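What follows is the residue order along each chain.
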Amino acid sequence: MENQYIIKGGTPLHGEVTIGGAKNAALGILAAALMTNDTVVIDNLPDVRDINVLLDAIQGIGATVKRREPHVVEINGSTIKDNTIDYDSVRKMRASYYLLGALLGKYHKAQVVLPGGCDIGSRPIDQHLKGFRALGATVNIEYGMIHTQAEKLVGNHIFLDVVSVGATINIMLAACMAEGRTVIENAAKEPHIVDVANFLNSMGADIKGAGTDKIRISGVEKLHGSEYSIIPDQIEAGTFMIAAAATKGDVLIKNVIPKHLEAISVKLIEIGATVEEFDDAVRVSAGHRLGHSQIKTLPYPGFPTDMQPQIATLLALSEGTSIVTESIFENRFKYVDELSRMGASIKVEGNVAIIEGVHGFTGATISAPDLRAGAALVVAGLVAEGYTTIDSIKYIERGYECFEKKLCALGASIEKIPVDDERAVQKFKLKIG
Ligand code: UD1
């Protein structure tokens with residue numbers, strides 16, 4: 001049964017929210033956990049759809065997966081019987097490609113369906129494959145599957161043509177048990193790269209320089225068990241920061257690493273919001289209409305592409321003309337049509353959105369085009385006058401745990417109801433008044 005969100009906008013968010021573990025770090029860490037035959041315990045795992053799909057796939061190849069608690073999983077890779085991953089569910093998920101690097105590194109052989117993921121533009125994986133080949137593997141693509149194998153993997157010097165989060169993590173996975181030394185140059189520097197490297201090091205790998213553009217890996221013969229807690233999700237935190245500012249609210253966002261949120265904090269301060277940083281929390285408030293800005297998405301530490309739809313939604317409500325340039329993915333403005341139906345004034349030309357701020361949105365019936373755009377539309381619904389319904393929320397649930405519950409706890413009027421359930425709509429309206 002498909003669900004949708006129904007929202008009555010107009011309430012400023014107030015209170016405290018706790019952020020979960022980083023989905024994109026968890027995806028790499030779960031794959032890495034398969035590389036030892038010992039048991040690995042992973043804490044602060046987000047309970048979201050992408051993670052659960054990957055856990056199913058991991059179980060499907062024979063690994064032992066025990067979900068001790070919603071956010072704690074125990075994995076043992078010694079029982080893996082198969083190195084072919086070919087499930088429909090995985091096909092829709094981008095990060096299934098991490099199983100290639102992990103299984104190639106451990107077993108020297110892996111076959112994985114070509115990844116899908118959110119449709120936010122062409123998403124080639126040539127840099128991942130270039131890295132595997134540089135380590136001595138053969139790579140073939142046949143019938144929608146990637147086949148890779150190697151007699152042995154030998155470290156090499158790899159210069160990435162584009163800064164890629166996925167390729168950096170995948171090559172780190174494949175190289176950490178290769179013979180000798182690997183250097184990845186022009187590596188991505190995202191916090192989740194550092195987290196995957198820290199996790200691998202906790203298993204006995206020898207990875208240095210993660211978080212800089214040059215990562216040095218000395219291969220080790222084997223990896224051992226570990227207990228590890230995943231870093232907080234920078235994008236979930238950023239989304240609540242924007243929601244607080246857009247609704248002119250005041251929210252303390254807990255369990256974050258403020259340093260990872262700097263690009264977002266700086267922009268919010270620049271346009272007039274108040275951002276207070278604590279050791280592991282940030283407080284965002286705005287008492288008035290915010291100002292305009294120019295934003296260009298860039299690899300970390302630049303402004304994250306995964307926050308582009310949310311900040312553009314905020315700028316669409318701010319004073320003056322803002323320019324948002326998307327430099328990572330070419331198809332990331334699909335939410336603009338939906339926002340326009342709510343009253344936004346945005347013109348997209350190529351990878352640039354020109355935003356004329358309006359005073360407010362009005363509720364509409366809209367659809368989430370992808371994960372982050374979907375989250376941005378929820379923010380729009382929280383601000384809009386009247387009722388908004390958002391369908392295709394399955395995209396949003398890929399990456400946000402209990403999104404509507406966390407928002408309700410901050411005072412928002414939002415509920416998850418079945419699509420086409422008129423009675424549920426009426427019930428919500430009666431309750432909200
Ligand atoms: C990851 C994140 C995604 C985020 C993105 C950028 C995961 C599961 N997803 O995606 O949420 O939006 O980083 O921060 O962690 N490219 C190539 N060849 C390659 C690989 C990438 O040309 O082999 C290009 C892409 O088309 C894109 C750019 O490099 O233009 C960055 O992509 P990349 O960093 O690889 O994104 P993902 O790892 O797919």
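Residues numbered from 1 in each chain as written. Predicted model: local features only at pLDDT ≥ 70, side-chain atom pairs only at ≥ 80, totals over all residues. Heavy atoms only, no water.

**Student:** Hey, could you go over the overall build of the protein chain for me, with residue numbers and the actual values?
**Tutor:** A tally of regular secondary structure across the protein chain gives 15 helices and 24 strands. A compact globule built from 433 residues would reach a C-alpha radius of gyration of about 22 Å, and the protein chain, at 22 Å, matches this within 12%. Its C-alpha atoms put the protein chain at 65 × 45 × 40 Å along the principal axes. Expressed as a percentage of the 433 residues in the protein chain, the buried residues total 58%. Expressed as a percentage of contacts within the protein chain between residues at least 6 apart in sequence, the contacts between residues at least 24 apart total 73%. Accessible surface, the protein chain: about 16,700 Å² in total, of which carbon and sulfur atoms supply 49%. (Helix = DSSP H or I, 4+ residues; strand = E, 2+ residues; numbered from the N terminus. Rg over C-alpha atoms; globule rule 2.2 N^0.38 Å. Buried < 20%, exposed > 50% of the residue type's maximum accessible area, 1.4 Å probe, protein only. Contact = heavy atoms within 4.5 Å. Areas by Shrake-Rupley, 256 points an atom, 1.4 Å probe, with all protein chains shown as cover.)

**Student:** Which residues make up the packing of aromatic side chains, and what values do they have?
**Tutor:** Here the structure, examined in full by the defined rule, presents 6 aromatic pairs. On the numbers, 5.7 Å between centres and 85 degrees between planes, the contact of Phe240 with Phe403 is edge-to-face. In this pair, Phe240 sits in helix H8 (residues 234-246) while Phe403 sits in helix H14 (residues 403-409), placing the two residues 163 residues apart along the sequence. Classification of Phe240 by relative accessible area gives buried; the value is 1%. Classification of Phe403 by relative accessible area gives buried; the value is 2%. Members of the aromatic cluster, connected to one another through ring pairs, are Phe240, Tyr400 and Phe403. Directly above the aromatic system of Tyr395 lies the positively charged group of Lys394, at a separation of 4.9 Å from the ring centroid. One residue, Lys429, lies across the ring of Tyr387, its end atom 4.7 Å from the ring centre. (Phe/Tyr/Trp six-rings, centres within 6.5 Å; stacked < 30°, edge-to-face > 60°. Lys NZ or Arg CZ within 6 Å of the ring centre and 35° of its normal.)

**Student:** Quick rundown of the environment of Gly360? Include the residues and the values.
**Tutor:** The topology assignment puts Gly360 in the loop between strand S21 (352-356) and strand S22 (365-367). Judged by relative accessible area, which is 38%, Gly360 ranks as partly exposed. Considered as a pair, Gly360 and Ile125 are 235 residues apart in the sequence and their alpha carbons are 41 Å apart. Beyond its immediate sequence surroundings of up to four residues, Gly360 is in contact with Leu317 and Met342.

**Student:** Lay out the state of the cysteines with the relevant residues and their values.
**Tutor:** In this structure the tally under the stated criterion is 0 disulfides. Cysteine Cys402 remains unbridged, with the sulfur of Cys408 as its closest cysteine sulfur at 11 Å. Classification of Cys402 as partly exposed rests on a relative accessible area of 34%. (Disulfide = S-S within 2.5 Å.)

**Student:** Go over the site of the ligand with me, naming the residues and quoting the values.
**Tutor:** If you check the shell around the ligand, you find 21 residues, and the closest are Gln127, Ser164, Val165, Asp306 and Ile328. One of the backbone N or O atoms of Ile328 is found 2.5 Å from an oxygen atom in the ligand. In the complex, the protein chains occlude 87% of the 740 Å² of accessible area that the ligand would expose alone. Breaking the shell around the ligand down by element, the ones donating at least two residues are helix H1 (23-33), helix H5 (126-134) and helix H6 (165-175). For the shell around the ligand, the element with the highest residue contribution is H5, accounting for 3 residues. Across the shell around the ligand, the residue classes tally to 9 nonpolar, 7 polar and 5 charged. (Near = heavy atom within 4 Å. Polar contact = N/O pair within 3.5 Å; in protein donor to acceptor, adjacent residues only side chain to side chain. Nonpolar A, V, L, I, M, F, W, Y, C, P; charged D, E, K, R; others polar.)

**Student:** Run through the environment of Leu371, naming residues and quoting values.
**Tutor:** Tracing the sequence through the fold places Leu371 in helix H12 (residues 371-383). Measuring from C-alpha to C-alpha, the distance between Leu371 and Ser218 comes to 36 Å, with 153 residues separating the pair along the chain.

**Student:** With reference to specific residues and values, describe the packing of helix H4 (residues 98-107) against H6.
**Tutor:** Put simply, H4 and H6 touch, their axes get as near as 7 Å, and they point 15 degrees apart. One element, H4, and the other, H6, form an angle in the roughly parallel class. As H4 packs across H6, the resulting crossing turns out to be right-handed. Contact with H4, carried on its side by Tyr98, Leu100, Gly101, Ala102, Leu104 and Gly105, involves Val165, Gly166, Ile169, Asn170, Leu173 and Ala174 of H6 and no other residues of that element. For the contact of H4 with H6, the class distribution of residues is 8 nonpolar, 4 polar and no charged. (Axes fitted to C-alpha atoms, helices over the stretch in contact; angles between N-to-C directions. Parallel < 35°, antiparallel > 145°, perpendicular 65-115°, else oblique. Left-handed = near helix turned anticlockwise from the far one by under 90°.)

**Student:** An account of helix H9 (residues 262-270) is requested, with residue identities and associated values reported.
**Tutor:** Working note: α-helix, 3.6 residues per turn, so residues spaced by three or four point in the same direction. Among the residues of H9, those classed as buried are Ile264, Ser265, Lys267 and Leu268. Buried residues of H9 fall within an arc of 165 degrees about the axis and therefore sit on the same side. Tucked inside the fold, the buried residues of H9 contact H8, strand S16 (274-277), strand S17 (281-285), strand S18 (294-296) and helix H10 (308-315). In the segment just after H9, Gly272 is the residue with positive phi, at about 110 degrees. (Arc of directions from axis to C-beta.)

**Student:** Any chance you could break down unusual backbone geometry for me, citing the residues and the numbers?
**Tutor:** Of the consecutive residues Tyr300 and Pro301, the connecting peptide bond is found in the cis state with omega at 10 degrees. By the element assignment, Pro301 lies in the loop between S18 and H10. At His108, a residue that is not glycine, the phi angle is positive and equals roughly 65 degrees. Turning to its location among the elements, His108 is positioned in the loop between H4 and strand S7 (109-113). Positive phi values are uncommon outside glycine, yet Asn186 reaches one of about 60 degrees. Looking at where Asn186 falls in the secondary structure, it is placed in the loop between strand S11 (181-185) and helix H7 (191-202).

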